[in-house]
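Given next are the chains, with one letter for each unit.
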Amino acid sequence: MTQPIEVILMRELAGHLATPIFVVDAQGDLLFYNEPAENLLGTRFDETGMMPFAEWATMFTPTNGRGTPLPPDELPLAIAVQKHRPAQGRFWIRGLDGERRRLTVTAIPLQGQWGEHIGAAAIFWEEP
Amino acid sequence: MKVTVWGTRGSQASPGPDTVRYGGNTSCVELQAEPDARVVLDAGTGLRRLGVELSPDVRRVDVLLTHLHMDHIQGLGFFSPLFRPDFEVHIWGPGSATADLHTRLTRYMSPPLFPVRLQELACDLHLHDLNEGCVEVPGFTVRTALVCHPGPTVGYRLENAHGSLAYLPDHEPMLACSHFADSAEWCSGFEIAAGVDVLIHDAQYSDAEYEQRVGWGHSSLSQALAFARLANVKHLMPFHHDPAHDDDTLDDFFGAIAARPVEPFTIGAAREGTTFDVAENLRTEPATV
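Position labels on residues start from 1 in each chain and follow its written sequence. In the order they appear in the text, chains get letters beginning with A and ligands get numbers beginning with 1. Whole-chain, interface and lining totals are the exception, using all residues; otherwise, since this is a predicted model, local features are given only for residues with pLDDT of at least 70 and side-chain atom pairs are given and counted only at 80 or more.

Our focus in this paragraph is the overall build of chain B. A helix here means a DSSP run of H or I that spans at least four residues, while a strand means a run of E at least two residues long, and both kinds are numbered starting from the N terminus. Counting secondary structure elements, chain B contains six helices and 15 strands. By its C-alpha atoms, chain B is 55 × 40 × 40 Å across when sized along the principal axes. The burial tally for chain B puts 49% of its 289 residues in the buried class. Think of it this way: build a C-beta for each residue from its backbone, and any pair within 7 Å is a contact. Summarising the internal contacts of chain B: among those between residues at least 6 apart in sequence, 64% fall at separations of at least 24. To assign burial, the other C-beta atoms lying within 10 Å of each residue's own C-beta are counted, with C-beta atoms placed from the backbone; 20 or more indicates buried, 12 or fewer indicates exposed, and intermediate counts indicate partly exposed.

This is the structure we're talking about:
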């Protein structure tokens, strides 16, 4: 099935930016992350491909500062998808390259031309 | 499904002695499946002559607007059925995120741009905001989807028991896909065009012109060919000719296709006045009205 044009354009925009960006569909399933995000996640998109929400939400083992795993539904992208509102969070992940990184993530819901919820996108910032 | 092309030109009408073979009127295509009704794709300047030549049997017209750029709506004010109380006219088109079709059309159909207001039209007028999905018009099931072009723009797929036609007159799928024509899932407009008998598609530029006009919302001829290949259409009708391209330029433009490898579909550039029957799948040479 062809993706909505707004999602297609979002992916293409992400592909042209140096800002790390992650794009999911209306179910939270991963559609795309760009090359700058690959550096933070420690793996190339071509290697992971699209993934169901339950898979990507745990494979990078997000934790709080004390090392406690974060429930998938508390991730900013999950909030943007499920509650249709922007969300921000700061947490640690372990990339598939084995590196632990502290990230700030801002997620926004993607609302289509006619008001339908078609997914969400998140911007990642690595904390020094 | 009888099709008549009343306007082939993109961006601006360009009548004159150097555009007589391909035509100077802007986008307008008529479809006929029932004797008393017509479906019209876009309301460019070609719409005026369509209105003049309508059969006296016709009492309902459905005008499907892809978007509201001037070259696609300028014929509305000169479409005779709008001024006749014995006509039922339905205008379908996309609203925007902040304004419905009526509000957006009123910006043109009101002073100072036009002397007659929408509410002053004599016909039985119905405006329909389109969402993605399917609608029924006389003789056809119409499927719509937003496509890549500046502002809210839809593509149309019309089907009945006799055939299918996709209409994407203003479309720049290349802009929305780095790996254009490799992936159906990530190609703007793919589902509208997939497997149709006839694809009428934007082919405004040469490749060299496209390089200077990326993001303007239009395709090159080679991009239109790639899109038709991906969509596995049976016939491609390149459309929305650039107003700066005269007949000789377009002859060269489309003549060059003959030097390319054989495509898995037939190709015939849109010419104003062409009429053909989709059910016959263009087995015969299109005639000119």
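Glancing now at the interface of chain A and chain B. Of the residues lining the interface, 11 residues belong to chain A; the matching set on chain B comes to 16 residues. Grouping the amino acids of the side of chain A that touches chain B by side-chain chemistry returns five nonpolar, four polar and two charged. As a working rule, the residues Ala, Val, Leu, Ile, Met, Phe, Trp, Tyr, Cys and Pro are called nonpolar, Asp, Glu, Lys and Arg charged, and the rest polar, with Gly in that last group.

Bringing the sheet that holds strand S12 (residues 235–239) of chain B into the picture now. Residue and element names in this part refer to chain B. Strand order across the open sheet formed by seven strands is S7-S8-S9-S10-S11-S12-S13, with mixed pairing between neighbours. The two strands at the open ends of the sheet, each matched to only one other strand, are strand S7 (133–137) and strand S13 (266–267). Inspection of the sheet shows strand S11 (residues 198–202) paired to S12 by four bridges, in the parallel sense. Its bridge partner being in S12, aspartate 202 is matched across the sheet by phenylalanine 239. Axis geometry follows a simple rule: fit a line to the C-alpha atoms, using only the stretch in contact for helices, then measure angles between N-to-C directions, giving values from 0 to 180 degrees. Each of S11 and S12 touches helix H5 (residues 221–231); the most contacted strand, S11, lies at about 150° to it. Strand pairing is assigned whenever DSSP identifies at least 2 bridges connecting the two strands.

The next subject is unusual backbone geometry. Cis geometry is found at the peptide bond from proline 111 of chain B to proline 112 of chain B, where omega equals 10°. Mapped onto the elements, proline 112 of chain B comes out in the loop between helix H2 (101–106) and strand S6 (124–130). A positive phi angle is found at histidine 84 of chain A, which is not glycine, with a value near 55°. By the secondary structure assignment, histidine 84 of chain A is in the loop between helix H5 (76–83) and strand S3 (87–94). With 13 C-beta atoms counted inside 10 Å, the residue histidine 84 of chain A sits in the partly exposed group.

Residues and elements named next belong to chain B. For every residue, the predictor states its confidence as a pLDDT score lying anywhere from 0 to 100. Averaged over every residue, the pLDDT of chain B is 93; the share at 70 or more is 97%. Across residues 283–289, where pLDDT falls below 50, the model places 10 contacts with residues more than four positions away in sequence or in other chains. Model confidence for the complex is summarised by a pTM of 0.90, with the ipTM given as 0.76.

Moving on, we come to the pairing of strand S2 (residues 28–34) of chain B. Residues and elements named next belong to chain B. When you tally the buried positions in S2, you get five out of seven residues, the bulk of the element. Alignment of strand S1 (residues 2–7) against S2, held across five bridges, turns out to be antiparallel. Bridge pairing links lysine 2 to glutamine 32 in S2. Sheet topology note: the S2/strand S3 (residues 37–41) ladder contains four bridges and is antiparallel. Pairing of valine 29 across the sheet is with leucine 41, part of S3. Taking the residues that link successive antiparallel strands as the turn, the S2-S3 hairpin has two residues.

All right, on to the pairing of S11 of chain B then. Residues and elements named next belong to chain B. Among the five residues that make up S11, five are buried, leaving the element largely enclosed by the rest of the structure. Of the strand pairs in this sheet, strand S10 (residues 163–168) and S11 are connected by four bridges, and their pairing is parallel. When the bridges of S11 are listed, leucine 165 appears paired with valine 198.

Here we take up H5 of chain B. All names here are of chain B. If you check which residues of H5 are buried, you get Leu221, Gln223, Ala224, Leu225, Phe227, Ala228 and Ala231. Those residues of H5 that are buried are in contact with helix H3 (190–193), S11, S12 and helix H6 (247–255). Just past H5, the residue asparagine 232 takes up positive phi, approximately 55°.

Residue count minus one, scaled by 1.5 Å, sets the expected span of a helix. Its 12 residues give helix H1 (residues 5–16) of chain A an end-to-end C-alpha distance of 17 Å, which sits within 8% of 16 Å, the value for a rise of 1.5 Å per residue. Buried within H1 of chain A we find Ile5, Val7, Ile8, Met10, Arg11 and Ala14 of chain A. Buried residues in H1 of chain A make contact with strand S1 (21–25), strand S2 (30–33), strand S4 (100–111) and strand S5 (117–126) of chain A together with strand S8 (140–146) of chain B.

All names here are of chain A. Assignment of secondary structure puts aspartate 25 in strand S1. With 31 residues separating them in the primary sequence, aspartate 25 and tryptophan 56 have C-alpha atoms 13 Å apart. The residues contacting aspartate 25, other than those within four sequence positions of it, are Val7, Leu31 and Gly119.

Moving on, we get to the sheet that holds S3 of chain A. All names here are of chain A. As summarised here, the arrangement of the five strands in space is S2-S1-S5-S4-S3, forming an open sheet in which the pairing is antiparallel. Looking along the sheet, the strands with just one partner apiece sit at the ends: S2 and S3. Neighbour-to-neighbour, the strand axes of the sheet open up by a mean angle of 25°, direction not taken into account. Relative to S5, S1 is paired through five bridges, and the arrangement is antiparallel.

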